[in-house]
Amino acid sequence: MVEIELDGKTVEVPQGSMVMHAANKLGTYVPHFCYHKKLSIAANCRMCLVEVEKAPKPLPACATPVTQGMKVFTHSAKAVEAQRSVMEFLLINHPLDCPICDQGGECQLQDLAVGYGKSNSRYDEEKRVVFHKNVGPLISMQEMSRCIHCTRCVRFGQEVAGVMELGMINRGEHSEITTFVGQTVDSELSGNMIDLCPVGALTSKPFRYEARTWELGRKRSVSPHDSLGANTTVQTKANKVMRVVALDNEEINECWISDRDRFAYEGLNSKDRITTPMVKQGGQWLETDWQSALDYVAHSLKTISSESGPQSIGALAHPISSTEELHLLQKIVRGLGSNQVETRLRQTDIAGAATAPWLGMPIAKLSTLDRALVIGSFLRKDQPVLAARLRTATKRGLQVSRVDAGGDDWLITATGIAAAPSAWLNALSEVALAIAKAKSVSAPVGTFNLPVSAPAQKIADSLLSGSTAAVLIGSAAIAHPHSSDLHVLAQFIAEQTGATLGFLPVGGNAVGASLVNANGAGIESVLSGDRRAVLLMNIEPDSDLPNPEQARAALAMANTVIALSAYKSADLLEVADVILPITPFTETVSTFVNAEGRAQTIQPAVKPLADSRPAWKVLRVLGGLLNLDGFLYNLPEEVLGEALGDNYCTRLNNQSAANSVANGTVAPLNGLERLSDVNIYAGDQIVRRSSALQLTRDAKRGNQVGLGQKLFNALGLKEGDAVQVSQGNHSVALPATLEVNLAEGAVRISAGTVASAKLGSMFGPVTVIKT
């Protein structure tokens with residue numbers, strides 16, 4: 001530790017710290033623009049100049065290392081005069097357009113100009129003008145004349161997002177921030193540049209000219225679009241969500257959120273919102289009142305349960321549903337005598353599934369790992385902020401290994417095995433065999449004795465040499481037909497290397513769903529065609545289920561399908577018989593349990609739209625109409641208390657229910673096979689209705705078929721050429737895109753899209769021909 005004196009106060013900071021860190025520790029504000037706690041030091045705005053005893057001139061606080069006995073003056077006459085001089089230079093070319101600037105009212109330059117600017121400018125020459133740029137549907141660079149070249153956006157891309165999409169060209173007053181050769185900004189974390197920009201150069205394109213910052217109400221919230229549970233602030237005006245920004249929480253999302261978290265709010269105000277209960281009569285949809293709709297539903301469930309038996313009733317819920325909603329849904333189904341309730345919508349193999357899978361550690365601990373093996377994950381798109389945390393950790397020495405199909409570029413230096421999905425079991429078996437040999441133990445029962453390849457040995461050596469390691473099971477491994485076997489092998493590898501076994505849960509409240517017992521017989525059982533009544537909550541069959549055609553056929557065999565949904569869609573209108581309009585998470589009290597098992601409760605940001613109702617209230621009334629015990633709740637807090645109880649974290653469990661590999665001798669498929677990701681902007685009803693997100697490159701990628709280099713060349717394709725993809729008896733034409741690192745034999749076809757709804761399951765053999 002080094003002790004310095006700052007403005008007459010003594011403070012100790014670690015050796016190597018800068019004066020700015022010492023000031024922050026004391027709570028002393030030093031004006032700055034380019035400095036940010038999460039980015040490297042650039043020292044190019046010079047706004048943080050301070051006086052240091054015995055130094056001949058003011059020094060930048062952000063780039064001046066502390067030394068023992070140093071005396072610093074942040075508000076001396078010399079320091080303030082230097083800061084005022086810098087402000088004068090910054091304002092020379094800055095346009096005087098604060099009244100029409102979207103940043104007005106929350107502008108760092110505006111705030112500091114009040115304290116350090118002059119009432120008039122000595123600069124009479126023409127101000128420079130920078131031509132506007134179109135960098136995509138999310139970020140507006142219409143007013144780049146406002147840019148003060150702090151380079152925060154450039155450093156964020158390089159250091160956090162992992163891809164340098166913005167850079168500076170030219171010199172002096174001709175300098176400007178731009179993209180490379182007219183490209184767009186496509187990172188899934190790009191919206192953080194808007195928050196980082198201290199002026200109005202980078203602003204939100206969807207929010208542009210929608211409201212002034214001082215008109216907005218604010219509510220703390222949580223993003224339900226992935227299992228991280230990123231903390232956000234929802235900003236509202238006239239009972240409408242206008243904007244979502246990041247809220248600092250070092251233990252979860254630091255100060256970042258993904259574009260999905262930031263811009264999905266557009267879907268909340270979609271024209272597809274349902275606000276009145278609807279019942280299908282004679283093939284026609286009729287609007288009705290709540291009492292009539294709920295009486296109809298209760299009568300249908302009672303009749304079917306008595307005539308066809310309790311097990312004829314099933315329920316499916318999307319893990320974007322809150323803990324309160326999931327608890328009451330499963331309570332109704334189980335109260336009627338059925339166990340046919342499920343939220344693991346894409347997990348078809350549940351034979352050895354853990355009872356309550358979770359990350360296995362605090363999220364913040366990911367930053368301290370020195371070894372990690374990630375199995376079957378589209379990490380960068382499934383968990384954007386978590387991937388950024390691992391990306392940062394690699395700079396501190398983390399070695400990342402991966403076993404998957406390789407096509408997804410994580411922007412992380414990683415070693416591993418890229419193989420088609422049917423070969424993942426063999427690949428992981430090789431790693432397990434290498435570790436078993438090194439530890440002189442037996443591999444799990446049923447593991448086929450394979451020769452260990454060099455990549456598998458490298459993964460094993462990496463894990464064995466680490467002191468703090470993790471083995472993480474991703475979304476594709478969870479959805480894999482042999483998910484249970486992958487789980488057994490991953491558990492063995494973790495145990496033998498002293499690593500923590502963890503899951504990357506699919507859905508904002510996947511962990512909460514397990515804790516409240518909202519998982520039962522499995523998705524294939526619920527959709528077997530034996531259910532006479534099915535409740536769907538926050539689900540659209542074509543987009544949320546693993547085999548849409550099979551799902552539609554099963555739902556068609558039911559006597560009644562009851563949908564609790566905030567939105568209508570063509571597939572839902574086709575399969576449902578009753579639609580009860582519920583509210584999204586911003587219009588009700590909601591609790592979400594994130595990947596680390598942390599329960600976060602949020603309050604409604606706006607009132608329910610029109611006649612829609614919070615799902616917990618609808619289910620509470622329905623439980624009463626069904627004459628079930630235990631539905632006399634007055635407050636959502638009462639539901640939550642019953643749902644989670646005390647010490648709920650003790651129920652978190654990653655252990656496999658199986659102790660052997662069941663399919664170890666099954667040979668990988670010959671020929672082409674499907675690899676399915678769920679597109680980053682197709683994961684739930686809200687995201688799918690965000691118009692800005694659906695215009696991004698990532699969204700368009702979901703409607704393309706990804707082919708490896710060998711197959712791409714063999715078919716004689718150019719980027720964007722149409723190909724016909726066949727799976728079973730179904731075919732669909734899609735534009736092809738080259739994915740250089742995709743494993744040979746794998747064909748990436750995203751699930752949850754209009755095109756994939758015409759095909760079969762998420763895995764299995766396919767054929768591809770050029771059209």
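Residues numbered from 1 in each chain as written. Predicted model: local features only at pLDDT ≥ 70, side-chain atom pairs only at ≥ 80, totals over all residues. Heavy atoms only, no water.

- As annotated in an unreviewed UniProt entry, the chain carries the name NADH-quinone oxidoreductase and comes from Polynucleobacter wuianus.
- Listed under Sequence similarities (unreviewed entry) in UniProt, the entry text for the chain is "Belongs to the complex I 75 kDa subunit family."
- Recorded under Catalytic activity (unreviewed entry), the UniProt text for the chain is reproduced unchanged: "a quinone + NADH + 5 H(+)(in) = a quinol + NAD(+) + 4 H(+)(out)". (UniProt positions renumbered as here; feature names shortened; annotations may be inferred.)

## Digging into the overall build of the chain
Okay, so step 1: The secondary structure content of the chain amounts to 24 helices and 34 strands.
Okay, so step 2: Reported as C-alpha extents along the three principal axes, the dimensions of the chain are approximately 90 × 65 × 60 Å.
Okay, so step 3: Across the chain, every contact between residues at least 6 apart in sequence was considered, and the portion connecting residues at least 24 apart equals 73%.
Okay, so step 4: Only carbon and sulfur atoms are counted for the fraction: they give 52% of the accessible area of the chain, which is about 29,600 Å².
Okay, so step 5: In the chain, the 71 positive side-chain charges and the 76 negative ones have mean positions that sit 4 Å from each other. (Helix = DSSP H or I, 4+ residues; strand = E, 2+ residues; numbered from the N terminus. Contact = heavy atoms within 4.5 Å. Areas by Shrake-Rupley, 256 points an atom, 1.4 Å probe, with all protein chains shown as cover. Lys, Arg positive; Asp, Glu negative; His and termini not counted. Charge placed at Lys NZ, Arg CZ, Asp CG, Glu CD.)

## A few points about the sheet that holds strand E5 (residues 71-73)
Okay, so step 1: Read from one edge of the open sheet, five strands run E2-E1-E5-E3-E4, paired in mixed fashion. What marks the edges here is a single partner per strand, and that holds for strand E2 (9-13) and strand E4 (59-60).
Okay, so step 2: Across the sheet, helix H1 (residues 19-26) lies against strand E1 (2-6), E2, strand E3 (49-52) and E5, angled at about 115 degrees from E2, the strand it touches most.
Okay, so step 3: Helix H2 (residues 77-92) rests against E3 and E5 of the sheet, and its axis sits at about 155 degrees to E3. (Pairing = 2+ DSSP bridges. Axes fitted to C-alpha atoms, helices over the stretch in contact; angles between N-to-C directions.)

## Points about the UniProt feature "domain: 4Fe-4S Mo/W bis-MGD-type" (unreviewed entry) in the chain
Okay, so step 1: As annotated in UniProt, the feature "domain: 4Fe-4S Mo/W bis-MGD-type" (unreviewed entry) corresponds to residues 216-272 in the numbering used here.
Okay, so step 2: A helix fraction of 9% and a strand fraction of 35% characterise residues 216-272, whose end C-alpha atoms lie 25 Å from each other.

## A closer look at the pattern of salt bridges
Okay, so step 1: Within the structure shown, the criterion is met by 35 salt bridges.
Okay, so step 2: Note that Glu 188 and Lys 381 form a salt bridge whose closest N and O atoms lie 3.0 Å from each other. Highlighted residues: Glu 188 in the loop between strand E9 (176-179) and helix H5 (192-196) and Lys 381 in helix H9 (residues 379-382), separated in sequence by 193 residues.
Okay, so step 3: According to the relative accessible area criterion, Glu 188 is buried, its value standing at 0%.
Okay, so step 4: A salt bridge links Arg 748 to Asp 677; its shortest N-O distance comes to 3.7 Å. One end of the pair, Arg 748, is in strand E32 (residues 746-749); the other, Asp 677, is in the loop between strand E28 (673-675) and helix H22 (685-688), and 71 residues separate them in sequence. (Salt bridge = Lys/Arg side-chain N within 4 Å of Asp/Glu carboxyl O. Buried < 20%, exposed > 50% of the residue type's maximum accessible area, 1.4 Å probe, protein only.)

## What to know about the packing of helix H7 (residues 290-308) against helix H20 (residues 615-625)
Okay, so step 1: At a closest axis distance of 9 Å, the pairing of H7 and H20 adopts a crossing angle of 55 degrees. Taken together, the axes of H7 and H20 are oblique relative to one another. Here the hand of the crossing between H7 and H20 comes out right-handed. Of the residues in H20, those touching H7 at Trp 290, Gln 291, Leu 294, Asp 295, Val 297, Ala 298, Leu 301 and Lys 302 are Val 618, Val 621, Leu 622 and Leu 625.
Okay, so step 2: Taken together, the residues of the contact of H7 with H20 sort by class into nine nonpolar, one polar and two charged. (Parallel < 35°, antiparallel > 145°, perpendicular 65-115°, else oblique. Left-handed = near helix turned anticlockwise from the far one by under 90°. Nonpolar A, V, L, I, M, F, W, Y, C, P; charged D, E, K, R; others polar.)

## Here we look at the nonpolar core
Okay, so step 1: Judged by nonpolar contacts, the single largest core of 95 residues is most densely connected at Phe 33, Met 47, Ile 139, Phe 156, Leu 166 and Leu 202.
Okay, so step 2: The element contributing the most residues to this core is helix H10 (residues 384-394), with six residues.
Okay, so step 3: Setting aside chain neighbours within four positions, we find Phe 33 in contact with Cys 45, Met 47, Met 87, Leu 90, Gln 108, Leu 109, Leu 112, Ile 148, Cys 150, Arg 152 and Pro 198.
Okay, so step 4: Judged by nonpolar contacts, the second largest core, of 49 residues, contains Ile 304, Leu 329, Ile 582 and Leu 640. (Core = buried A, V, L, I, M, F, W, Y, C linked by side-chain atoms within 4.5 Å.)

## Notes on the pairing of E9
A regular strand places its side chains on the two faces of the sheet in alternate fashion.
Okay, so step 1: Neither face of E9 is exposed, since Glu 176 and Thr 178 on one face and Ile 177 and Thr 179 on the opposite face are all buried.
Okay, so step 2: Strand direction decides the pairing type here: strand E8 (residues 166-169) and E9, joined by four bridges, are antiparallel. From the neighbouring strand, Met 168 faces E9, where its bridge partner is Ile 177.
Okay, so step 3: Here E8 folds back onto E9, and the loop between the two strands holds six residues, one of which, Asn 170, carries a positive phi near 65 degrees.

## Here's the deal with the domain arrangement of the chain
Okay, so step 1: Here the domain parsing of the chain yields domain 1 (2-134 + 156-175), domain 2 (278-352 + 519-645), domain 3 (363-503) and domain 4 (673-770).
Okay, so step 2: Distance between the C-alpha centres of domain 2 and domain 3: 35 Å.
Okay, so step 3: Counting from both sides, the interface comprises nine residues of domain 2 and, opposite them, nine residues of domain 3.
Okay, so step 4: Across the domain 2/domain 3 interface, buried area totals approximately 650 Å², and carbon plus sulfur atoms make up 43% of it. (Domains from an automatic or database assignment. Buried area = accessible area lost by both parts, 1.4 Å probe.)

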